[in-house]
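# Coordinate inspection notes
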Amino acid sequence: MIKVTAVEPDSIAEELGLKAGTELVSVNGRELEDFLDWEFLTAEEEIRLHVRQPDGEEIEFEIERPLGEPMGLALEPPRIRRCANRCDFCFVDGLPEGLRDVLYIRDDDYRLSFRYGNFATLTNLKRRDIERIIEYRLSPLYVSVHATDPGVRRYLLRNPTAPDIIPQLSGFADHGIRFHTQVVMSPGVNDGAVLRQTLDDLWAFGPAVLSCSVVPVGLTEFSKHHLCREPTTEECVAAVLEVESRWPAALAQREAHWVYGADELYLRAGLALPEAGVYDGFEQVENGVGSVRWLQQRIATEAASLGGWRGQRIGVVTGTAMAALMPQVLEPLARATGAAFELVPVVNTLFGPSVTTAGLLPGGAIREALTAQTGLALALLPGECVNDDGRFIDNLSIEGLAAGLPLEIRLSKDFADALAFPLAA
Ligand code: SF4
């Protein structure tokens, strides 16, 4: 059963009398468990829908609708699948106390992997989940492989019962499921020869493994530093060389580079980022792989619509990691807009200075950094630093931040989105 949370006006759902609180019980006699069942079972032109209204009345509808016409309702979010692992580098272990409860949940959910590109380890799948992945063809899935050696993977995940990833992926691949994969590189554990073997094994899958990224492990002040550490410059250089050594064969055989180093890996290695063409379709840009080149491309594409800012001073808030790379993005942005962009690198006061990603910046630290600025017309904030409810990791809302500042602030994913319209009067 899934609960309806909202119904759109003039929609099929409204016509049927569905409302917030209506329980969707089954479609064509099959019980509904979550949004996946709903989306896949209602994909037919004709369906039989059994609902329970908030007053307890049970109704069965025979519905005919043109293919593709939405029902017009919103569903309660699925109960998140808990993770079965205990990785030493887990982000949740690295959280300070006192944050929102939801942040302490270790989620590992194949449904969110399919829907939003969240990486999942697939170590908590039940038989029913495996059947659904195959029946609904949930592809591509984003999979945290880390290592194909079962012993190393179990060690990394701290999960002695984690299934062997190679047969697991093979079983899905036989049914046409494809994967984007990642290796979070923990030095001394899954780099070097283990990384080589992992990439060999994933490459051997052929087209079923669409891409693989190598991301250096990120730790906070609160992480288990006695159990894992961040990679050295030399270790990052070695990983980059391992990645790049595979490009000639990948290009020759698959017309794509296939394996990519995260921007952070290049940064830590002290090496220049590859050109934009290396990232092919930017399939893992949300994972910090090719973000700088993607931003440059977006700016170049949208340059014509970014006028109207000549002479303005615009602040760009960023984590200290991207601060080193941002000049490569801001220079073409300044050319396209005529504005002067000033970096505002913010040190993470909640997790400690070693946490340098923009997505984890607390609103309080941003407020402090922006309060110290003078003469800015506008400040752009990384879109990923707030959740769907517009709250920073320290629970400050975007409205709360804006209210205490003497300048306009805008969230932005690619600059073009935030600069496409003028300043508020
Ligand atoms: S897979 Fe590892 S890192 Fe991810 S939530 Fe689980 S324990 Fe944490």
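Look up a bit, the structure's there.
Our subject in this report is the structure included herewith. (Residues numbered from 1 in each chain as written. Predicted model: local features only at pLDDT ≥ 70, side-chain atom pairs only at ≥ 80, totals over all residues. Heavy atoms only, no water.)

## Topic: unusual backbone geometry
- Residue S139 is joined to P140 through a cis peptide bond whose omega torsion reads 0 degrees.
- Relative to the elements of secondary structure, P140 occurs in the loop between α4 (127-135) and β7 (141-144). (Helix = DSSP H or I, 4+ residues; strand = E, 2+ residues; numbered from the N terminus.)

## A look at the site of the ligand
- Every residue close to the ligand is listed here: C83, N85, R86, C87, C90, R106, D107 and T121.
- Across the shell around the ligand, the residue classes tally to 3 nonpolar, 2 polar and 3 charged. (Near = heavy atom within 4 Å. Nonpolar A, V, L, I, M, F, W, Y, C, P; charged D, E, K, R; others polar.)

## Description of the packing of aromatic side chains
- Inspection of every chain in the model, using the stated rule, returns 7 aromatic pairs.
- Here F91 and F351 contribute two aromatic rings whose centre-to-centre distance is 6.3 Å and whose plane-to-plane angle is 35 degrees, an arrangement assigned as tilted. Placement of F91 in the loop between β6 (73-75) and α3 (110-116) and of F351 in the loop between β12 (340-346) and α14 (363-371) is noted, with a sequence separation of 260 residues between them.
- Here F91 falls in the partly exposed class, since its relative accessible area comes to 35%. (Phe/Tyr/Trp six-rings, centres within 6.5 Å; stacked < 30°, edge-to-face > 60°. Buried < 20%, exposed > 50% of the residue type's maximum accessible area, 1.4 Å probe, protein only.)

## As for the pairing of strand β14 (residues 408-412)
- Judged from the 5 bridges that link them, strand β13 (residues 378-382) and β14 form a sheet pairing that is parallel. Within β14, the residue paired with P382 across the bridge is S412. (Pairing = 2+ DSSP bridges.)

## Notes on the pattern of salt bridges
- Enumeration according to the criterion identifies 28 salt bridges in this entry.
- Its salt-bridge partner being E33, residue R128 comes within 3.9 Å of it at the nearest N-O pair. Of this pair, R128 sits in helix α4 while E33 is found in the loop between β3 (30-31) and α2 (35-41), placing the two residues 95 residues apart along the sequence.
- On the basis of relative accessible area, R128 is assigned to the partly exposed category, the value being 35%.
- Note that R132 and D37 form a salt bridge whose closest N and O atoms lie 2.9 Å from each other. (Salt bridge = Lys/Arg side-chain N within 4 Å of Asp/Glu carboxyl O.)

## Looking at the sheet that holds strand β9 (residues 209-216)
- Reading across the sheet, the 4 strands line up as β7-β8-β9-β10 and stay open at both edges, with parallel pairing between neighbours. One side of each edge strand has no neighbouring strand; the edge strands of this open sheet are β7 and β10 (259-261). In this sheet, adjacent strand axes meet at a mean angle of 20 degrees when their direction is disregarded.
- Across the face of the sheet, helix α8 (residues 233-244) comes into contact with β8 (179-185), β9 and β10 while running at roughly 155 degrees to β10. (Axes fitted to C-alpha atoms, helices over the stretch in contact; angles between N-to-C directions. Contact = heavy atoms within 4.5 Å.)

## A look at the side chain of R111
- By the element assignment, R111 lies in helix α3.
- By relative accessible area, which is 4% here, R111 ends up buried.
- Polar contacts involving the side chain of R111 include one to the side chain of D34, which spans 2.8 Å.
- Once you skip the residues sitting within four places of it in the chain, R111 turns out to touch D34, F35, L36, P78, R79, I80, R81 and R132. (Polar contact = N/O pair within 3.5 Å; in protein donor to acceptor, adjacent residues only side chain to side chain.)

## Comments concerning helix α11 (residues 291-302)
- Helix length check: α11, at 12 residues, gives a terminal C-alpha distance of 16 Å against a target of 16 Å (1.5 Å per residue), a fit within 8%.
- Taken as a whole, α11 has its buried residues at S291, V292, R293, L295, Q296 and I299.
- Those residues of α11 that are buried lie in contact with α10 (263-269), α12 (320-323) and α13 (327-337). (Expected span 1.5 Å × (residues − 1).)

## A closer look at the nonpolar core
- Membership of the largest hydrophobic core comes to 89 residues, with the highest contact counts inside it found for L24, W38, L49, F415 and L419.
- Those residues within four positions of L419 in sequence are excluded, and the remaining contacts are S305, L306, W309, I314, L333, T337, F341, L378 and L380.
- Ranked by size, the runner-up nonpolar core spans 20 residues in total, among them V346, L370, L381 and L401. (Core = buried A, V, L, I, M, F, W, Y, C linked by side-chain atoms within 4.5 Å.)

## Focus: the sheet that holds β14
- Across the sheet, which stays open at both edges, the 4 strands sit in the order β12-β11-β13-β14 with parallel pairing between neighbours. Whereas interior strands pair on both sides, the edge strands pair on one side only; in this sheet they are β12 and β14. Here the average twist between neighbouring strands, direction ignored, is 25 degrees.
- Sitting on the sheet, α13 touches β11 (313-319) and β12, and the angle it makes with β12 is about 150 degrees.
- Strands β11, β12, β13 and β14 of the sheet are contacted by α14, whose axis makes an angle of about 135 degrees with β12.

## Considerations on a negative patch on the surface
- Residues E44, E45, E46, E62 and E64 make up a contiguous surface patch of negative charge.
- Relative to the helices and strands, E62 is located in strand β5 (residues 58-64).
- For E62, a relative accessible area of 64% puts it in the exposed group. (Patch = residues over 30% accessible without salt bridge, like charges linked within 9 Å, V, L, I, M, F, W, Y side chains within 5 Å. Areas by Shrake-Rupley, 256 points an atom, 1.4 Å probe, with all protein chains shown as cover. Lys, Arg positive; Asp, Glu negative; His and termini not counted. Charge placed at Lys NZ, Arg CZ, Asp CG, Glu CD.)

## So, the packing of α11 against α13
- Here α11 crosses α13 at 5 degrees, and the two axes come no closer than 9 Å. In terms of orientation, α11 and α13 fall into the roughly parallel class. Across from V292, R293, L295, Q296 and I299 in α11, the residues of α13 making contact are Q328, V329, P332, L333 and A336.
- Broken down by class, the residue content of the contact of α11 with α13 amounts to 7 nonpolar, 2 polar and 1 charged. (Parallel < 35°, antiparallel > 145°, perpendicular 65-115°, else oblique.)

## Some words on the side chain of D34
- Tracing the sequence through the fold places D34 in the loop between β3 and α2.
- With a relative accessible area of 3%, D34 lands in the buried category.
- Excluding residues that lie within four positions of it along the chain, D34 makes contacts with I2, P78, R111 and R132.

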